[in-house]
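Breakdown of the fold
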Amino acid sequence: MNEPTTNGGERDLRVGARVSLGERVGVLRYLYGNGAAVVHFDREASTKVVPLRRLVACADEHPHPDS
């Protein structure tokens, strides 16, 4: 389950890695089914299921100070 996934030539996405979806940044919690992931976005109380193809690995590995 911690296997890296590739995202259209982007850096590998790994469970626990910082990811972004547009302006939203969060942590990839786990892979969900085929082609989806559960992400906990900064400053949000719950997790969201999002398509893997829309996620981009962040260069910033540190959590946002307001999270």
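Residues numbered from 1 in each chain as written. Predicted model: local features only at pLDDT ≥ 70, side-chain atom pairs only at ≥ 80, totals over all residues. Heavy atoms only, no water.

By convention here, two paired aromatic rings are described through the distance between centres and the angle between planes. Under the definition given, this model contains zero aromatic pairs. Geometry around Phe41 places Arg24 over its ring, the cationic atom sitting 4.1 Å from the centre. (Phe/Tyr/Trp six-rings, centres within 6.5 Å; stacked < 30°, edge-to-face > 60°. Lys NZ or Arg CZ within 6 Å of the ring centre and 35° of its normal.)

A few words on unusual backbone geometry. The phi dihedral of Arg43 falls on the positive side, at around 65°, and the residue is not glycine. Structurally, the position occupied by Arg43 is in the loop between β3 (36–41) and β4 (48–51). Since its relative accessible area comes to 59%, Arg43 is described here as exposed. (Helix = DSSP H or I, 4+ residues; strand = E, 2+ residues; numbered from the N terminus. Buried < 20%, exposed > 50% of the residue type's maximum accessible area, 1.4 Å probe, protein only.)

What follows is about the sheet that holds strand β1 (residues 18–21). Pairing is antiparallel across the open sheet formed by five strands, whose spatial order is β4-β3-β2-β1-β5. Whereas interior strands pair on both sides, the edge strands pair on one side only; in this sheet they are β4 and β5 (56–57). Sheet topology note: the β1/strand β2 (residues 24–32) ladder contains four bridges and is antiparallel. Bridge pairing links Leu21 to Arg24 in β2. (Pairing = 2+ DSSP bridges.)

In total, this model carries two salt bridges according to the counting rule given. The partner of Arg18 in a salt bridge is Asp42, and the shortest N-O contact between them spans 2.7 Å. With Arg18 in strand β1 and Asp42 in the loop between β3 and β4, this pair connects stretches of sequence that are 24 residues apart. Relative accessible area serves as the criterion here: at 4%, Arg18 is assigned to the buried category. A residue is classified by how much of its surface remains accessible, and Asp42, at 14% relative accessible area, is buried. Note that Arg24 is salt-bridged to Glu44, the shortest N-O span being 3.1 Å. Taken as a pair, Arg24 in strand β2 and Glu44 in the loop between β3 and β4 lie far apart in primary sequence, 20 residues in all. Here Glu44 falls in the partly exposed class, since its relative accessible area comes to 25%. (Salt bridge = Lys/Arg side-chain N within 4 Å of Asp/Glu carboxyl O.)

Don't take any of this as a statement about function, it's just geometry.
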